[in-house]
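# Remarks on the overall topology
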Amino acid sequence: MFRYRIRTTLRRPLPGGRKSRRAGESLDFMELRGYTPGDDPRFVDWKAYARTGRLYTRVWEGEERARFTLWLDGSPSMELHGKRAYAREVARVLLAAALPDETHALTPGGLRRLRRPSEHDRLEADPRGPMAALGDLVRARGQLVLVTDALDEGDWSAFLRRLAPRRPLLVQVLAPEELDPPRREAEWRDVETGRRQRVDAAGLAAWRAALEAHLRALHRLAAAQGGYAHLRVGEAVVPALRRQGVLEWR
């Protein structure tokens, strides 16, 4: 079994799985609280009663099982600078970290249950991109994990708010060439729209400023809804995800 799992705050009780701060009946003691009529007498702490003269109930750390839906961006911009192959590797790591919890791949053909890490090839990239796929993304099961360059034009604030019930974890993949493009005049072509534009030094500075603002906004918005990580093509996937709090030890 993969030694890491996806760090998540669980909200939906399911039998078995991960520890949470919900009261349950596992073997790990959590806290004492004042006795309430109807509490199971087996969990009354009689030693605390002997010390204080008041009834307390032992509360145990419960267990929940996480659920994940993985979505992989296959829009045209993902074809650039090795992003597609790198994003697939990121998705492979995330699938291994999500299992054995209930995990689905959300593809253009619908939801597919994934049960083994070797099934990562069933995580088909979606050529529509995140904005066009929103209607399907809102129907994800459990926590939604998106692997994307997040360069779609659109209102990302509204996009993430719409996905808030799915607690989206946005894993953004960008290439070094996009973060630090060559400092020379050139003609750029938008692979999403086909538009061409001549970019000079002033245009390049404007691009850098706009990209930095976009990254800051994405980080803030996604972290507030579920989670965010930013990976550069070529960097080691597991250390990067651990450093940014996406993965934790099992």
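What you see is a predicted model, and the numbers here were worked out from it, not measured in a lab.

Bringing the overall build of the chain into the picture now. Looking only at helices and strands, one finds seven helices and 12 strands in the chain. Within the chain, the proportion of its 250 residues that are buried is 43%. Long-range contacts, defined as pairs at least 24 residues apart, comprise 69% of the intrachain contacts of the chain with a sequence gap of at least 6. Accessible surface for the chain amounts to roughly 13500 Å². Of this, 50% is attributable to carbon and sulfur atoms.

Counted at 1.5 Å a residue, the expected span for helix α2 (residues 83-98) with its 16 residues is 22 Å, and the 22 Å between its end C-alpha atoms agrees. Of the residues making up α2, those classed as buried are K83, Y86, A87, V90, A91, V93, L94, L95, A96, A97 and A98.

Mapping H104 onto the fold places it in strand β5 (residues 102-107). Polar contacts involving the side chain of H104 include one to the side chain of R141, which spans 3.3 Å.

All right, on to the sheet that holds β5 then. Sheet strands associate in pairs through backbone hydrogen bonding, adopting either a parallel or an antiparallel arrangement. Taking strand neighbours across the sheet as the criterion, the six strands line up as β6-β5-β4-β7-β8-β11 in an open arrangement whose pairing is mixed. Taken across any chain shown, the strands that pair with only one partner, and hence form the sheet edges, are β6 (110-114) and β11 (227-232). Going across the sheet, the axis of each strand differs from the next one's by a mean of 20 degrees, ignoring polarity. Taken together, the six bridges between strand β8 (residues 169-174) and β11 define a ladder with parallel strand orientation.

Moving on: the packing of aromatic side chains. Taken as a whole and assessed by the stated rule, the structure comprises four aromatic pairs. Note on W156 and F159: the rings are 5.0 Å apart at their centroids and 65 degrees apart in plane angle, and the pair reads as edge-to-face. Pair noted here: W156 and F159 are both in helix α4 (residues 156-162), with a separation of three residues, about one helical turn. Assessed through its relative accessible area of 6%, W156 is described here as buried. Overall, F159 belongs to the buried group, its relative accessible area being 2%. Within the aromatic cluster, the residues linked to one another by ring pairs are F2, Y4 and W249.

In terms of nonpolar packing, the biggest core is built from 36 residues, with I6, V90, L94, L231, L241 and L247 touching the most fellow members. Going through the elements one at a time, β1 (4-6), β4 (67-72), α2, β7 (143-148), β8, β11 and α7 (237-243) are the ones with two or more residues in this core. Of the residues forming this core, the biggest block, nine residues, is contributed by α2. Apart from residues no more than four positions distant in its own chain, L94 is found in contact with I6, L70, V145, V147, V171, L241 and V246. By size, the runner-up hydrophobic cluster in this structure holds 21 residues, among which are W71, L137, F159 and L174.

On the surface, Y35, W46, Y49 and L55 cluster together into a nonpolar patch covering about 400 Å² of accessible area. Mapped onto the fold, Y49 is located in helix α1 (residues 46-52). For Y49, a relative accessible area of 38% puts it in the partly exposed group.

Turning next to the environment of D155. Along the chain, D155 turns up in the loop between β7 and α4. The sequence separation of D155 and M131 amounts to 24 residues, and the corresponding C-alpha distance is 8.7 Å. A distance of 3.1 Å separates a polar side-chain atom of D155 from the backbone nitrogen of S157. A distance of 3.0 Å separates a polar atom in the side chain of D155 from the backbone nitrogen of A158.

Okay, the pairing of β6 next. The sheet contact formed by β5 and β6 spans five bridges and is antiparallel. Note that in β6 the partner of A105 across the bridge is R112. Taking the residues that link successive antiparallel strands as the turn, the β5-β6 hairpin has two residues.

Here D149 is to be found in the loop between β7 and α4. For D149, a relative accessible area of 0% translates into the label buried.

Rules used in this analysis
- Residues numbered from 1 in each chain as written.
- Predicted model: local features only at pLDDT ≥ 70, side-chain atom pairs only at ≥ 80, totals over all residues.
- Heavy atoms only, no water.
- Helix = DSSP H or I, 4+ residues; strand = E, 2+ residues; numbered from the N terminus.
- Buried < 20%, exposed > 50% of the residue type's maximum accessible area, 1.4 Å probe, protein only.
- Contact = heavy atoms within 4.5 Å.
- Areas by Shrake-Rupley, 256 points an atom, 1.4 Å probe, with all protein chains shown as cover.
- Expected span 1.5 Å × (residues − 1).
- Polar contact = N/O pair within 3.5 Å; in protein donor to acceptor, adjacent residues only side chain to side chain.
- Pairing = 2+ DSSP bridges.
- Axes fitted to C-alpha atoms, helices over the stretch in contact; angles between N-to-C directions.
- Phe/Tyr/Trp six-rings, centres within 6.5 Å; stacked < 30°, edge-to-face > 60°.
- Core = buried A, V, L, I, M, F, W, Y, C linked by side-chain atoms within 4.5 Å.
- Patch = residues over 30% accessible without salt bridge, like charges linked within 9 Å, V, L, I, M, F, W, Y side chains within 5 Å.
- Salt bridge = Lys/Arg side-chain N within 4 Å of Asp/Glu carboxyl O.

Without other data, these values stay purely geometric and don't point to any function.
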